[in-house]
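Residues per chain, in single letters:
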Amino acid sequence: MNQSPVTVVGAGVVGLSIALALQARGLPVRVIDRDGPAAGASAGNAGAFAFTEILPLASPRMIRQAPKWLLDPLGPLSVPPRYAGRIAPWMWRFWKASWPAQVRASTVAQTALMKLSQAALDPHLELSGLAHMLRHDGQLQVYESEAEFRASLPGWQAREEAGIAFTHLKGDEIAAYQPGLAPGFTHATFTPEWQSISDPRDYVLAMAERFRAGGGEITITRAERLVAGGIETSDGFMSGRVVLAAGAHSHHLARTAGAKIPLETERGYNTTLPAGAFDLKRQITFGGHGFVISKVGDGLRVGGAVELGGLNLPPNFARADAMLKKAKRFLPELDTSGGTQWMGFRPSLPDSLPAIGALPSRPDVFCAFGHGHLGLTQSAGTAAIIADLMTGQDPGIDLTPFSPARF
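Below: a short report on this structure. (Residues numbered from 1 in each chain as written. Predicted model: local features only at pLDDT ≥ 70, side-chain atom pairs only at ≥ 80, totals over all residues. Heavy atoms only, no water.)

We now examine the overall build of the protein. For the protein, the helix and strand inventory stands at 10 helices and 21 strands. Taking 407 residues into account, the globule formula puts the C-alpha radius of gyration at 22 Å, and the protein, at 20 Å, falls close to it. Each principal axis of the C-alpha atoms in the protein carries an extent, and together these give about 70 × 45 × 40 Å. Relative to its 407 residues, the protein shows a buried fraction of 56%. (Helix = DSSP H or I, 4+ residues; strand = E, 2+ residues; numbered from the N terminus. Rg over C-alpha atoms; globule rule 2.2 N^0.38 Å. Buried < 20%, exposed > 50% of the residue type's maximum accessible area, 1.4 Å probe, protein only.)

This part takes up the pattern of salt bridges. The final tally for this structure, using the stated rule, is 11 salt bridges. Of the charged contacts in the structure, one is a salt bridge between Glu53 and Arg159, with a shortest N-O distance of 3.5 Å. With a gap of 106 residues between them, Glu53 in the loop between β3 (48-49) and α3 (60-70) and Arg159 in helix α6 (residues 146-161) connect regions that are remote in the sequence. The residue Glu209 makes a salt bridge to Arg212 at a minimum N-O spacing of 2.8 Å. Taken together, the residues span about one helical turn, with Glu209 and Arg212 both in helix α7 (residues 200-213) at a distance of three residues. With relative accessibility at 35%, the residue Arg212 sits in the partly exposed group. (Salt bridge = Lys/Arg side-chain N within 4 Å of Asp/Glu carboxyl O.)

Our focus in this paragraph is the packing of aromatic side chains. As enumerated under the stated definition, the model contains 14 aromatic pairs in all. Taken together, a centroid distance of 6.4 Å and an interplanar angle of 85° make the contact between Phe49 and Tyr203 edge-to-face. A residue pair is termed long-range when its members are at least 10 positions apart, and Phe49 in strand β3 and Tyr203 in helix α7 qualify at 154 residues. Given the relative accessible area of 0%, Tyr203 is considered buried. Summarising the aromatic geometry, the rings of Tyr143 and Phe149 are spaced 5.6 Å apart at their centres and angled 65° between planes, so their arrangement reads as edge-to-face. (Phe/Tyr/Trp six-rings, centres within 6.5 Å; stacked < 30°, edge-to-face > 60°.)

Nonpolar side chains in soluble globular proteins tend to be buried together. Counting 55 residues, the largest nonpolar core has Val8, Ile18, Leu22, Tyr203 and Val243 as its most contacted members. Those elements giving two or more residues to this core turn out to be β1 (6-9), α1 (13-24), β2 (29-33), β3, α5 (100-128), α7, β21 (362-369) and α10 (379-390). Non-local contacts of Val243, meaning those with residues more than four positions away in its chain, are made with Val6, Thr7, Val8, Val9, Ile18, Phe366, Ala368, Ile386 and Met390. If you look at the next biggest cluster of nonpolar residues, it comprises 29 residues, including Ile284, Val302, Met323 and Met343. (Core = buried A, V, L, I, M, F, W, Y, C linked by side-chain atoms within 4.5 Å. Contact = heavy atoms within 4.5 Å.)

Here we take up the sheet that holds strand β11 (residues 223-227). The three strands lie next to each other as β11-β12-β13, forming an open sheet whose pairing is antiparallel. In this open sheet, the two edge strands, each paired with only one partner strand, are β11 and β13 (236-239). In this sheet, adjacent strand axes meet at a mean angle of 25° when their direction is disregarded. Here four bridges tie strand β12 (residues 230-233) to β13, and the two strands are oriented antiparallel to one another. Bridge assignment links Thr233 to a residue of β13, and that residue is Gly236. (Pairing = 2+ DSSP bridges. Axes fitted to C-alpha atoms, helices over the stretch in contact; angles between N-to-C directions.)

All right, on to the sheet that holds strand β20 (residues 355-359) then. Across the sheet, six strands lie side by side as β10-β2-β1-β14-β21-β20; this open sheet has mixed pairing. Because the sheet does not close on itself, it has two edges, and the strands there are β10 (217-220) and β20. Between one strand and the next, the sheet's axes are offset by a mean angle of 20°, whatever the strand orientation. Sheet strands in contact with α7 are β2 and β10, and its direction is about 120° off that of β10.

Here strand β15 (residues 264-273) lies mainly inside the structure; 10 of its 10 residues are buried. What you see with β15 is no split at all: Glu264, Glu266, Gly268, Asn270 and Thr272 on one side and Thr265, Arg267, Tyr269, Thr271 and Leu273 on the other are buried throughout. Inspection of the sheet shows β15 paired to strand β19 (residues 340-348) by nine bridges, in the antiparallel sense. For Tyr269, the partnering residue across the bridge sits in β19 and is Met343.

Moving on, we come to the environment of Leu140. Here Leu140 lies in strand β6 (residues 139-143). Judged by its relative accessible area of 0%, Leu140 is buried. In this structure, the C-alpha to C-alpha distance between Leu140 and Ile174, residues 34 residues apart in sequence, is 8.9 Å. Here Leu140 is in contact with Leu169, Ile174, Tyr177, Gln178, Leu181, Ala188, Thr189, Phe190, Arg282, Gln283, Ile284 and Thr285, once residues within four sequence places are set aside.

Take the side chain of Ser152 next. Looking at where Ser152 falls in the secondary structure, it is placed in helix α6. In this structure Ser152 comes out as buried when scored by relative accessible area, which is 7%. Setting aside residues no more than four positions away along its own chain, Ser152 makes contact with Arg61 and Tyr143.

Right, let's talk about the environment of Ala257 for a bit. Here Ala257 shows up in the loop between α8 (250-255) and β15. With 201 residues separating them in the primary sequence, Ala257 and Pro56 have C-alpha atoms 28 Å apart. Beyond its immediate chain neighbours, meaning those up to four positions away, Ala257 contacts Leu226, Leu359, Ser361 and Arg362.

Without other data, these values stay purely geometric and don't point to any function.
Right, dumping it as structure tokens:
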């Protein structure tokens, strides 16, 4: 008897990682996407495997900072006024997720997923033939004052307890890790286990080619609704099990099966500068300003921040301009000319944990979305979990905190 292919909805980094993992387990797989591979957030991210980022975005510290940030329309956190009413229920859940007990629980869960994802990365890269794209430069988190550095120490204590390596730096020590920083940065922390991919778009496109070479099919079509026995698309009905990995669009499909998952869209902005803009040694994170500078291909990418504005509002590229101006101030020798701006949708759940596992009402539909800033980071781990679940194996991690039914 012929087995219907598993339909993976989404040809971004998470969807294609899952497709390759299922293909490696011997399952027939097809991938569908409204625009094709690497068309969304997977193309424009900072390219980091940020395995040290175990702390949820929802936290007491974030709640304390949020009012100040929200007063600046071009700052690290923004909610467009016309979207404020729409986002209010999600913000209420975000606030509840910032309570200390929930933060502790989310940190434990995030740490477990990070460890699994880090362990899964090298086998995934070998499977896809892309190990040569991995960089091992680490990351530098910089601080502008003693007070800002001190405020970060509880987070580093949590990382130390999770076995994450780091080195605190001060004053002249910083220049050994990154020359050319403005003298206003008094402290920094270096995390050596932070890795990156040479170009996130090229990485996803290469996975797509590997999947096709293994006999997989990628179809550009619109997933419309989940129905009994499969999924309805703009090209007709596709039977078989389904994996929802469509990023910021995933919850709309889940809703067609009766699941109300509070996914929101963090709109991220960046500017990619051409080769020669600056001699960047490793990714720099300006945590107090909510953005990073990373190496992408031969150029640099300046981006980050959070704009909770949904899928339909027009982009506000003044946010990208603001980050670029700050980057020039922080790296005086940075050449900011010739850049290309971009805006993308990060799928975010209020407790900072993705939804991974079967829908309560549909054991044949598996969720793999809501990774926020960490889609690339957790892609290999999520793929391994979904492949285990769909082949009846133990994923080796407690999936209760990631259950799609937790809301």
